[in-house]
Amino acid sequence: MTTTAQVNAVLRTPPASPEAAAAYFSASLAFHADVSDVASAVAAGGDLGFVVVDSRSTASWDQGHVPGAVHLPTALIAEQAEQLLDRSVPVVTYCWGPGCNGATRAALALAQLGYQVKEMLGGFEYWVREGFPYETWEGPEKKDADPLTAPVDAEDCGC
């Protein structure tokens, strides 16, 4: 017989039912976009079907940003979103990285204004760490992929 003390930390709280898990993960995909999926769409060119919004400061934007992104700091969303964004086009927000909730705050502000919005998981940090090209105030940049975040010898991770 197994007692609570013998159950490991992973199973101390039992997994959700398959139905509950499917609902949760389906909802998660409606709210989040993966850095590599956004990069793939940007690299393909043409009409993305969405717009990428960098919600960071001007100094951060100048340091580096996703090519083709719109610069709209979170504090300016209420004031400038209507001039910069079309409500009929979904928005993908990003900020620095997983340790920052700026993209979440920006997504909330945009959703409250009536925009369809997703948050790009990993933010600018993982965009760079996965080896995708970016722009700075000095011009285009690209770093090698970090082998802890992306495969170095393949087009994608296969997930």
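Data block above holds the structure.
Residues numbered from 1 in each chain as written. Predicted model: local features only at pLDDT ≥ 70, side-chain atom pairs only at ≥ 80, totals over all residues. Heavy atoms only, no water.

Colleague: I tried to follow the pairing of strand S5 (residues 117-121) on my own but got confused; where do I start?
Modeller: Along any regular strand, the residues point their side chains to alternate faces of the sheet. In terms of strand pairing, strand S1 (residues 32-34) meets S5 through three bridges, oriented parallel. In the strand pairing of S5, His32 is matched with Glu119. Note that strand S4 (residues 91-94) and S5 share three bridges and pair parallel. Bridging from a neighbouring strand, Val92 pairs with Lys118 of S5. The handedness of the S4 to S5 crossover, carried by helix H6 (residues 102-112), is right-handed. (Pairing = 2+ DSSP bridges. Helix = DSSP H or I, 4+ residues; strand = E, 2+ residues; numbered from the N terminus. Right-handed = clockwise from strand over helix to strand, strands pointing away.)

Colleague: Help me understand the nonpolar core, please; the structure alone is not making it clear to me.
Modeller: Taken as a class, soluble globular proteins show a tendency for nonpolar side chains to be buried jointly. In this structure, Val38, Val52, Val66, Tyr94, Met120 and Trp127 are the most contacted members of the largest nonpolar core, which totals 17 residues. Taken together, the elements giving at least two residues each to this core come down to helix H3 (35-44), S4 and helix H7 (123-129). In this view, Met120 contacts Ala33, Asp34, Val35, Val38, Val66, Val92, Thr93, Tyr94 and Trp127; residues no more than four positions away in its chain are not counted. (Core = buried A, V, L, I, M, F, W, Y, C linked by side-chain atoms within 4.5 Å. Buried < 20%, exposed > 50% of the residue type's maximum accessible area, 1.4 Å probe, protein only. Contact = heavy atoms within 4.5 Å.)

Colleague: Sorry if this is basic, but what is going on with the packing of aromatic side chains here?
Modeller: In this description, an aromatic ring pair is defined by two values, namely the gap between the centres and the angle between the planes. Considering all chains together, one arrives at five aromatic pairs under this definition. A ring pair is formed by Tyr24 and Phe25, whose centres lie 5.0 Å apart and whose planes are at 80°; its orientation type is edge-to-face. Relative to Phe124, the ring of Tyr94 has its centre 6.4 Å away and its plane inclined at 25°; by these criteria the two rings are stacked. Remark: Phe124 occurs in helix H7 and Tyr94 occurs in strand S4; sequence separation between them is 30 residues. As far as the burial class goes, Tyr94 and Phe124 line up, both buried. Among the aromatic side chains, those forming a connected cluster through ring pairs are Tyr94, Trp96, Phe124 and Tyr134. Over the aromatic face of Phe124 sits the side chain of Arg56, whose NZ or CZ is 4.7 Å from the ring centroid. Directly above the ring of Tyr126 sits Arg129, whose terminal nitrogen or CZ lies 4.9 Å from the centroid. (Phe/Tyr/Trp six-rings, centres within 6.5 Å; stacked < 30°, edge-to-face > 60°. Lys NZ or Arg CZ within 6 Å of the ring centre and 35° of its normal.)

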